[in-house]
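Observations on chain architecture
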Amino acid sequence: MTAFRHLRGWEALLLVLLALILVANVNASPYYLGVGNLVNLFQLSIEKVIVALAMTLIIINGEIDLSVASIMGLAACVLAWLFQMGVPMPLALLAGLAAGVVAGAFNGFWVAYVGLPSLAVTLAGLIGFRGIARILLEDRAIGGFPAWFNTLGQQPILGPLTLSLIIFFVLFAVFAVLLHASAFGRLIYVIGNNAEAARYSGVKVRRVKMALFIISGVVAALAGLLYAARLGSVRG
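About the thresholds
- Residues numbered from 1 in each chain as written.
- Predicted model: local features only at pLDDT ≥ 70, side-chain atom pairs only at ≥ 80, totals over all residues.
- Heavy atoms only, no water.
- Core = buried A, V, L, I, M, F, W, Y, C linked by side-chain atoms within 4.5 Å.
- Buried < 20%, exposed > 50% of the residue type's maximum accessible area, 1.4 Å probe, protein only.
- Helix = DSSP H or I, 4+ residues; strand = E, 2+ residues; numbered from the N terminus.
- Contact = heavy atoms within 4.5 Å.
- Patch = residues over 30% accessible without salt bridge, like charges linked within 9 Å, V, L, I, M, F, W, Y side chains within 5 Å.
- Areas by Shrake-Rupley, 256 points an atom, 1.4 Å probe, with all protein chains shown as cover.
- Salt bridge = Lys/Arg side-chain N within 4 Å of Asp/Glu carboxyl O.
- Phe/Tyr/Trp six-rings, centres within 6.5 Å; stacked < 30°, edge-to-face > 60°.

It is worth spelling out the nonpolar core at this point. Burial of nonpolar side chains together is a common tendency in soluble globular proteins. Counting 58 residues, the largest nonpolar core has Ile-50, Leu-79, Phe-149 and Val-234 as the members making the most contacts within it. When residues of this core are traced back to their parent elements, those giving at least two are helix 4 (46-60), helix 5 (68-84), helix 6 (89-114), helix 7 (118-137), helix 9 (163-180), helix 10 (183-193) and helix 12 (205-231). Contact partners of Ile-50, with chain neighbours within four places excluded, come to Ser-164, Ile-167, Phe-168, Leu-171, Val-219, Ala-223 and Leu-226.

Right, here's the structure in full:
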(Lines give C-alpha, C1' and ligand atoms only; values in the text may rest on other atoms or scores of the structure.)
Protein backbone atom coordinates (compact mmCIF):
# COMPACT_ATOMS: atom_id res chain seq x y z
CA MET A 1 0.00 0.00 0.00
CA THR A 2 2.87 2.34 0.75
CA ALA A 3 4.35 1.79 -2.71
CA PHE A 4 0.92 2.43 -4.26
CA ARG A 5 0.60 5.74 -2.40
CA HIS A 6 4.01 6.81 -3.75
CA LEU A 7 2.81 6.06 -7.29
CA ARG A 8 0.00 8.58 -6.82
CA GLY A 9 2.40 11.37 -5.83
CA TRP A 10 4.24 14.08 -7.70
CA GLU A 11 7.02 11.69 -8.68
CA ALA A 12 4.52 9.49 -10.50
CA LEU A 13 3.33 12.44 -12.58
CA LEU A 14 6.92 13.28 -13.51
CA LEU A 15 7.52 9.64 -14.47
CA VAL A 16 4.44 9.63 -16.70
CA LEU A 17 5.50 12.89 -18.37
CA LEU A 18 8.99 11.49 -18.96
CA ALA A 19 7.54 8.36 -20.55
CA LEU A 20 5.27 10.44 -22.81
CA ILE A 21 8.19 12.61 -23.91
CA LEU A 22 10.28 9.55 -24.71
CA VAL A 23 7.47 7.96 -26.73
CA ALA A 24 6.82 11.19 -28.65
CA ASN A 25 10.48 11.69 -29.50
CA VAL A 26 11.01 8.07 -30.53
CA ASN A 27 8.03 8.32 -32.87
CA ALA A 28 9.30 11.63 -34.25
CA SER A 29 12.82 10.40 -34.98
CA PRO A 30 14.31 6.89 -35.15
CA TYR A 31 17.67 8.38 -34.15
CA TYR A 32 16.47 9.78 -30.83
CA LEU A 33 17.70 6.85 -28.72
CA GLY A 34 20.75 6.27 -30.89
CA VAL A 35 24.14 6.24 -29.21
CA GLY A 36 25.38 9.16 -31.28
CA ASN A 37 22.44 11.38 -30.33
CA LEU A 38 22.60 10.48 -26.64
CA VAL A 39 26.34 11.15 -26.50
CA ASN A 40 25.87 14.46 -28.31
CA LEU A 41 23.10 15.60 -25.94
CA PHE A 42 25.16 14.57 -22.93
CA GLN A 43 28.25 16.29 -24.30
CA LEU A 44 26.47 19.63 -24.60
CA SER A 45 26.01 19.83 -20.82
CA ILE A 46 28.77 17.56 -19.57
CA GLU A 47 30.73 20.31 -17.78
CA LYS A 48 27.68 21.24 -15.69
CA VAL A 49 27.07 17.57 -14.92
CA ILE A 50 30.65 17.15 -13.71
CA VAL A 51 30.26 20.16 -11.42
CA ALA A 52 26.99 18.71 -10.11
CA LEU A 53 28.89 15.65 -8.85
CA ALA A 54 31.01 17.74 -6.50
CA MET A 55 28.02 19.91 -5.60
CA THR A 56 26.26 16.77 -4.39
CA LEU A 57 28.90 16.32 -1.69
CA ILE A 58 28.57 19.96 -0.63
CA ILE A 59 24.77 19.80 -0.39
CA ILE A 60 24.75 16.52 1.55
CA ASN A 61 27.15 18.20 3.97
CA GLY A 62 24.58 20.94 4.57
CA GLU A 63 26.33 23.68 2.59
CA ILE A 64 26.08 25.29 -0.86
CA ASP A 65 28.61 26.58 -3.38
CA LEU A 66 27.29 29.29 -5.70
CA SER A 67 30.73 30.14 -7.05
CA VAL A 68 31.36 27.02 -9.15
CA ALA A 69 30.45 28.67 -12.47
CA SER A 70 32.80 31.57 -11.74
CA ILE A 71 35.57 29.15 -10.78
CA MET A 72 35.04 27.41 -14.11
CA GLY A 73 35.48 30.75 -15.88
CA LEU A 74 38.45 31.76 -13.74
CA ALA A 75 40.32 28.51 -14.46
CA ALA A 76 39.71 28.84 -18.20
CA CYS A 77 40.81 32.49 -18.17
CA VAL A 78 43.98 31.68 -16.22
CA LEU A 79 44.74 29.00 -18.80
CA ALA A 80 44.15 31.35 -21.76
CA TRP A 81 46.02 34.27 -20.20
CA LEU A 82 49.11 32.19 -19.40
CA PHE A 83 49.03 30.56 -22.84
CA GLN A 84 48.95 34.00 -24.47
CA MET A 85 51.91 35.01 -22.29
CA GLY A 86 53.91 32.14 -23.77
CA VAL A 87 53.58 29.61 -20.96
CA PRO A 88 53.54 25.99 -22.23
CA MET A 89 50.04 24.53 -22.30
CA PRO A 90 50.71 21.73 -19.74
CA LEU A 91 51.88 24.32 -17.19
CA ALA A 92 48.91 26.55 -18.01
CA LEU A 93 46.58 23.61 -17.38
CA LEU A 94 48.18 23.00 -13.99
CA ALA A 95 47.85 26.69 -13.17
CA GLY A 96 44.14 26.56 -14.06
CA LEU A 97 43.64 23.63 -11.69
CA ALA A 98 45.68 25.46 -9.03
CA ALA A 99 43.31 28.42 -9.38
CA GLY A 100 40.47 26.05 -8.51
CA VAL A 101 42.35 24.81 -5.44
CA VAL A 102 42.95 28.38 -4.24
CA ALA A 103 39.35 29.43 -4.88
CA GLY A 104 37.98 26.37 -3.09
CA ALA A 105 40.33 26.87 -0.15
CA PHE A 106 39.29 30.52 0.03
CA ASN A 107 35.63 29.53 0.27
CA GLY A 108 36.39 26.74 2.70
CA PHE A 109 38.39 28.96 5.04
CA TRP A 110 35.57 31.46 5.52
CA VAL A 111 32.92 28.77 5.89
CA ALA A 112 34.76 26.14 7.94
CA TYR A 113 37.12 28.20 10.10
CA VAL A 114 35.49 31.63 10.32
CA GLY A 115 31.95 30.27 10.45
CA LEU A 116 30.29 32.46 7.84
CA PRO A 117 27.27 31.10 5.94
CA SER A 118 28.30 29.32 2.76
CA LEU A 119 25.49 31.08 0.86
CA ALA A 120 27.03 34.51 1.55
CA VAL A 121 30.64 33.40 1.11
CA THR A 122 30.16 31.65 -2.21
CA LEU A 123 27.91 34.42 -3.52
CA ALA A 124 30.78 36.83 -2.85
CA GLY A 125 33.10 34.32 -4.51
CA LEU A 126 30.84 34.18 -7.54
CA ILE A 127 31.27 37.93 -7.99
CA GLY A 128 34.95 38.07 -7.04
CA PHE A 129 36.21 35.14 -9.14
CA ARG A 130 34.25 36.40 -12.13
CA GLY A 131 35.83 39.84 -11.65
CA ILE A 132 39.35 38.37 -11.61
CA ALA A 133 38.59 36.48 -14.81
CA ARG A 134 37.41 39.68 -16.50
CA ILE A 135 40.52 41.53 -15.35
CA LEU A 136 42.74 38.86 -16.93
CA LEU A 137 41.06 38.82 -20.37
CA GLU A 138 38.84 41.91 -20.35
CA ASP A 139 36.71 41.66 -23.52
CA ARG A 140 39.22 39.67 -25.54
CA ALA A 141 38.74 36.19 -26.95
CA ILE A 142 41.81 33.98 -26.84
CA GLY A 143 42.10 30.90 -29.02
CA GLY A 144 44.71 29.21 -31.15
CA PHE A 145 45.30 26.50 -28.57
CA PRO A 146 47.38 23.46 -29.55
CA ALA A 147 45.54 20.95 -31.70
CA TRP A 148 45.94 18.18 -29.11
CA PHE A 149 44.14 20.32 -26.52
CA ASN A 150 41.16 21.02 -28.78
CA THR A 151 41.06 17.37 -29.78
CA LEU A 152 40.73 16.32 -26.15
CA GLY A 153 37.63 18.45 -25.82
CA GLN A 154 36.01 17.76 -29.20
CA GLN A 155 36.96 14.32 -30.50
CA PRO A 156 36.05 10.87 -29.09
CA ILE A 157 39.02 8.99 -27.68
CA LEU A 158 37.31 5.80 -26.46
CA GLY A 159 34.59 4.60 -28.78
CA PRO A 160 32.04 7.44 -28.98
CA LEU A 161 33.18 8.92 -25.65
CA THR A 162 35.14 12.16 -25.38
CA LEU A 163 37.57 12.86 -22.54
CA SER A 164 34.98 14.86 -20.61
CA LEU A 165 32.51 11.95 -20.69
CA ILE A 166 35.18 9.53 -19.52
CA ILE A 167 36.11 11.89 -16.68
CA PHE A 168 32.45 12.12 -15.69
CA PHE A 169 32.04 8.34 -15.41
CA VAL A 170 35.30 8.03 -13.47
CA LEU A 171 34.31 10.80 -11.04
CA PHE A 172 30.83 9.32 -10.70
CA ALA A 173 32.31 6.00 -9.63
CA VAL A 174 34.83 7.65 -7.29
CA PHE A 175 32.24 9.83 -5.57
CA ALA A 176 29.78 6.92 -5.28
CA VAL A 177 32.41 4.86 -3.48
CA LEU A 178 33.43 7.88 -1.42
CA LEU A 179 29.88 8.51 -0.22
CA HIS A 180 28.70 4.95 0.35
CA ALA A 181 31.81 2.91 1.13
CA SER A 182 34.24 5.13 3.01
CA ALA A 183 34.63 6.67 6.44
CA PHE A 184 34.92 10.11 4.87
CA GLY A 185 31.57 9.64 3.17
CA ARG A 186 29.94 8.74 6.47
CA LEU A 187 31.38 11.92 7.98
CA ILE A 188 29.82 13.95 5.16
CA TYR A 189 26.38 12.55 5.99
CA VAL A 190 26.84 12.91 9.75
CA ILE A 191 27.91 16.56 9.51
CA GLY A 192 25.10 17.36 7.12
CA ASN A 193 22.58 15.83 9.50
CA ASN A 194 23.85 17.63 12.61
CA ALA A 195 27.15 19.48 12.56
CA GLU A 196 27.12 20.30 16.28
CA ALA A 197 26.49 16.69 17.29
CA ALA A 198 29.29 15.60 14.95
CA ARG A 199 31.66 18.13 16.50
CA TYR A 200 30.87 16.99 20.04
CA SER A 201 31.45 13.40 18.89
CA GLY A 202 35.01 14.24 17.93
CA VAL A 203 34.54 14.65 14.18
CA LYS A 204 36.92 17.13 12.55
CA VAL A 205 34.07 19.15 11.06
CA ARG A 206 36.26 22.02 9.88
CA ARG A 207 38.66 19.73 8.05
CA VAL A 208 35.85 17.89 6.30
CA LYS A 209 34.16 21.10 5.17
CA MET A 210 37.49 22.54 4.02
CA ALA A 211 38.25 19.40 2.03
CA LEU A 212 34.82 19.45 0.38
CA PHE A 213 35.14 23.06 -0.77
CA ILE A 214 38.62 22.36 -2.16
CA ILE A 215 37.23 19.33 -4.02
CA SER A 216 34.42 21.52 -5.36
CA GLY A 217 36.94 24.13 -6.54
CA VAL A 218 39.17 21.58 -8.26
CA VAL A 219 36.27 19.86 -10.01
CA ALA A 220 34.84 23.21 -11.14
CA ALA A 221 38.25 24.25 -12.48
CA LEU A 222 38.57 20.92 -14.32
CA ALA A 223 35.14 21.46 -15.85
CA GLY A 224 36.17 24.95 -16.94
CA LEU A 225 39.27 23.61 -18.68
CA LEU A 226 37.22 20.93 -20.42
CA TYR A 227 34.77 23.61 -21.54
CA ALA A 228 37.64 25.66 -22.99
CA ALA A 229 38.90 22.61 -24.86
CA ARG A 230 35.43 21.89 -26.26
CA LEU A 231 34.89 25.47 -27.48
CA GLY A 232 38.48 26.01 -28.64
CA SER A 233 38.58 29.58 -27.25
CA VAL A 234 38.07 31.53 -24.04
CA ARG A 235 36.35 34.85 -23.39
CA GLY A 236 36.38 36.81 -20.14
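After presenting the structure, the write-up continues.
Next up on the list: a nonpolar patch on the surface. A cluster of nonpolar side chains, namely Leu-15, Leu-18, Leu-22, Val-26, Leu-33, Leu-38, Leu-41 and Leu-44, defines an oily patch on the protein surface of about 700 Å² accessible area. Among the elements that make up the nonpolar patch, the one with the highest residue count is helix 2 (residues 10-28) (four residues). Here Leu-38 is to be found in helix 3 (residues 35-44).

Here we take up the packing of aromatic side chains. Tallying each qualifying case throughout the model produces eleven aromatic pairs. Ring geometry for Phe-145 against Phe-149: centres 5.5 Å apart, planes inclined by 80 degrees, an arrangement best described as edge-to-face. Judged on exposure class, the residue Phe-145 and its partner Phe-149 are both buried. Taken together, a centroid distance of 6.0 Å and an interplanar angle of 45 degrees make the contact between Phe-168 and Phe-172 tilted. One end of the pair is Phe-168 and the other is Phe-172, both in helix 9 and four residues apart, which spans about a single turn.

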